[in-house]
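The chain contents come next:
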Amino acid sequence: MIPPLLFAASAICAVGLFLLLRQPTGKARFGATILGLAGLAWLLVQGVQASGALGFDPRVAIMSLAVAMATAAAVRVITTTRPVFAALYFVLVVVAGAVAYLIMGAEFMAFSLIIVYAGAILITYMFVLMLAQQAADADGPSVAYDRVAREPAAAVLCGFVLLAALSIVVSDARTNQLPTAKLEARANAAAWNRMRGMPELVQERITAELAATGKDPIGWSRAGELVIAQDGRTAMVPVTLADGSRHEAVLKAADLPVNSTSLGWELVTSYPGSLELAGVILLMAMLGAVVLARRQTDMAEDDRRAAAGLPRTNIEDADLAGDRA
Amino acid sequence: MNPIDPQLPPGDPLVMLGLLASAILFAVGIVGFLSRRNMITMFLCTELMFQGAGLAMISYGRQHMDLSGQVFVIFILTVAAAEAALALGLVVLLYRRKETLSAEAWKELAES
């Protein structure tokens with residue numbers, strides 16, 4: 001990506017967003033949307049070009065659609081004046097993000113994103129919106145604040161200086177890359193190593209392999225460790241069959257554990273401390289939410305003592321009994 | 001900063017798109033946080049920024065063919081859930097005090 005072109009695309013996006021933030025109606029709104037989308041499209045085309053990939057790939061098309069959907073929904077989150085609609089558009093951002101996760105091979109995280117964000121966090125937002133509802137009337141929100149964006153020019157300038165800076169980092173992503181062969185070898189070795197820790201899965205795969213190659217899949221036993229092939233694409237396990245003959249069971253890349261299995265393994269073997277810490281964070285958040293949500297009661301000191309089952313002090317002190325008056 | 005270097009192996013266009021999307025989501029989140037005055041919308045904008053961060057993690061994880069990126073998204077989700085619970089508790093508390101969700105109502109907290 002060439003920085004001046006990148007900045008130009010970012011600037012077009014910025015102008016489009018600025019115009020949309022001023023709550024235009026009719027043709028002006030249409031024009032601003034087209035301008036913003038054009039800037040976005042240019043930015044994405046530059047991104048795909050900069051990756052140096054040739055030819056058409058349906059995954060790239062779907063990913064571009066997901067990115068465009070996420071961006072459009074995100075813009076609606078910040079331009080709509082009704083918080084309920086903002087929350088619903090945010091669900092759309094989450095769904096588009098989950099599509100992007102899926103295409104990039106993070107299946108487990110895609111679905112947990114939908115469950116946790118669209119399922120749990122957004123419901124909490126909806127509850128709070130209902131709890132803190134202002135007296136609404138039939139023809140729209142009656143609130144006087146937040147009808148228009150405050151200082152949209154300064155905010156957009158700030159945001160898009162950030163976008164330009166971030167996209168320079170993004171364009172460096174390719175130059176910082178290790179050679180693909182080296183990366184693949186490392187990733188394969190890591191995957192087979194993870195599989196070494198899952199003897200039951202290895203057993204299942206060997207049974208399947210024996211059945212597929214016409215050998216007796218019952219009564220065999222392992223005769224050695226899993227050995228990774230030179231290129232890392234396959235691995236061999238020596239086994240002793242039921243009739244006493246030796247056999248080298250060959251496991252292929254398709255036999256490797258699926259994404260959620262590997263992710264769970266990585267989580268508990270490489271990051272056990274962080275996992276515990278995450279639990280502590282959630283517990284603390286729960287306690288904090290309970291403390292925050294407690295209804296504030298106006299009780300005098302003496303009444304509190306009575307409520308706690310302690311004898312009253314019978315001190316007629318104005319400071320202690322003041323709240324009862 | 002060199003533009004397109006033919007010496008390099010072709011990168012993954014999905015990674016590039018993911019990183020761009022994460023940058024855009026983060027920038028839009030910042031713009032929303034600065035320009036909106038409804039406290040709930042402001043917190044939604046921080047969630048947008050969390051989304052951007054998560055997408056960047058997944059993209060870099062794919063680029064390096066490593067699972068650590070995905071593991072970190074789990075922690076991002078954890079922190080986002082904790083943040084949502086606490087922030088929304090605070091919003092309800094602030095709403096009870098002033099009967100409005102506007103951040104302008106708490107102007108006196110600013111220094112000048």
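What you see is a predicted model, and the numbers here were worked out from it, not measured in a lab.

**Let's talk about the overall build of chain A**
Here is step 1: Check the secondary structure of chain A and you find twelve helices and four strands.
Here is step 2: Taking all 325 residues of chain A together, the buried fraction comes to 27%.
Here is step 3: Partitioning the contacts of chain A with sequence separation of at least 6, the portion at a separation of at least 24 is 54%.

**Some thoughts on the overall build of chain B**
Here is step 1: In terms of helices and strands, chain B carries three helices and zero strands.
Here is step 2: Counting from the amino terminus, chain B carries its helices and strands in the arrangement α-α-α.
Here is step 3: For 112 residues, the compact-globule estimate of 2.2 N^0.38 gives 13 Å, and the C-alpha radius of gyration of chain B, at 19 Å, exceeds that figure by more than 25%.
Here is step 4: Oriented by its inertia axes, the alpha-carbon framework of chain B measures out at about 60 × 30 × 20 Å.
Here is step 5: Looking at the 112 residues of chain B, the share that counts as buried comes to 57%.
Here is step 6: If you take every contact in chain B between residues at least 6 apart in sequence, the share linking residues at least 24 apart comes to 51%.

**A word on the domain arrangement of chain A**
Here is step 1: Domain annotation for chain A reports domain 1 (3–136 + 147–178) and domain 2 (181–255).
Here is step 2: Put simply, the middle of domain 1 of chain A and the middle of domain 2 of chain A, counted by C-alpha atoms, are 44 Å apart.

**Quick look at the nonpolar core**
Here is step 1: V77, V93 and A100 of chain A together with L20 and L44 of chain B are the most contacted members of the largest nonpolar core, which has 98 residues in total.
Here is step 2: Here the element with the most residues in this core is helix α1 (residues 13–35) of chain B; it accounts for 17 residues.
Here is step 3: Residues contacting V93 of chain A, with those up to four places away along its chain left out, are A70, A73, A74 and V77 of chain A together with L48 and Q51 of chain B.
Here is step 4: Counting residues in each nonpolar core, the second largest holds eleven residues, with W192, M195, V202 and L251 of chain A among its members.

**Quick word on the pairing of strand β3 (residues 235–240) of chain A**
Residue and element names in this part refer to chain A.
Here is step 1: Burial of the side chains of β3 is restricted to one face: A235, V237 and V239 are buried, whereas none of M236, P238 and T240 on the reverse face is.
Here is step 2: Here strand β1 (residues 221–222) pairs with β3 via two bridges, running antiparallel. By the bridge assignment, S221 is partnered in β3 with T240.
Here is step 3: Alignment of strand β2 (residues 227–228) against β3, held across two bridges, turns out to be antiparallel. Residue pairing across strands places I228 opposite A235, the latter belonging to β3.
Here is step 4: Here β2 hands over to β3 after six residues, with G232 in that stretch at a positive phi of 80 degrees.
Here is step 5: Where β3 and strand β4 (residues 246–251) come together, six bridges link them in antiparallel fashion. Its bridge partner lying in β4, T240 is registered against R246.

**Structural notes on the interface of chain A and chain B**
Here is step 1: Contacts between the two partners involve 90 residues from chain A, matched on the other side by 72 residues from chain B.
Here is step 2: Considering each element in turn, the side of chain A that touches chain B owes the most residues, 14 residues, to helix α6 (residues 152–175) of chain A.
Here is step 3: Grouping the amino acids of the side of chain A that touches chain B by side-chain chemistry returns 65 nonpolar, 17 polar and eight charged.

**Notes on the environment of G309 of chain A**
Residue and element names in this part refer to chain A.
Here is step 1: As for its position among the elements, G309 is in the loop between α11 (301–307) and α12 (318–321).
Here is step 2: Of the residues examined, G309 has 6 C-beta atoms within 10 Å and is grouped as exposed.
Here is step 3: Distance in space between the C-alpha atoms of G309 and R194 is 59 Å, their sequence separation being 115 residues.

**Notes on the packing of helix α1 (residues 3–21) of chain A against helix α2 (residues 26–50) of chain A**
Residues and elements named next belong to chain A.
Here is step 1: Packing of α1 against α2 brings their axes to within 8 Å, and their N-to-C directions diverge by 155 degrees. Between α1 and α2, the crossing angle belongs to the class labelled roughly antiparallel. Here α1 runs over α2; the crossing is left-handed. Contact with α1, carried on its side by L5, L6, A9, S10, I12, C13, V15, G16, L17, L19 and L20, involves A32, T33, L35, G36, A38, G39, L40, W42, L43 and Q46 of α2 and no other residues of that element.

**Considering helix α8 (residues 199–212) of chain A**
All names here are of chain A.
Here is step 1: Its 14 residues place the ends of α8 20 Å apart at the C-alpha level, agreeing with the 20 Å of an ideal helix rising 1.5 Å per residue.
Here is step 2: Within the sequence span of α8, burial applies to V202, R205 and I206. Angular distribution of buried residues about the axis of α8 spans 105 degrees; they occupy a single face of the element. Seen from the open side of α8, the exposed residues pointing more than 90 degrees away from its buried face are E200, E204 and A211.
Here is step 3: Buried residues along α8 sit against α7 (180–196), β3 and β4.
Here is step 4: Of the residues one or two after α8, G214 is the one with positive phi, at around 85 degrees.

Reading the values: the criteria
Residues numbered from 1 in each chain as written. Chains lettered and ligands numbered in written order. Predicted model: local features only at pLDDT ≥ 70, side-chain atom pairs only at ≥ 80, totals over all residues. Helix = DSSP H or I, 4+ residues; strand = E, 2+ residues; numbered from the N terminus. Buried ≥ 20, exposed ≤ 12 C-beta atoms within 10 Å, placed from the backbone. Contact = placed C-beta atoms within 7 Å. Rg over C-alpha atoms; globule rule 2.2 N^0.38 Å. Domains from an automatic or database assignment. Core = buried A, V, L, I, M, F, W, Y, C linked by C-beta atoms within 7 Å. Pairing = 2+ DSSP bridges. Nonpolar A, V, L, I, M, F, W, Y, C, P; charged D, E, K, R; others polar. Axes fitted to C-alpha atoms, helices over the stretch in contact; angles between N-to-C directions. Parallel < 35°, antiparallel > 145°, perpendicular 65-115°, else oblique. Left-handed = near helix turned anticlockwise from the far one by under 90°. Expected span 1.5 Å × (residues − 1). Arc of directions from axis to C-beta.

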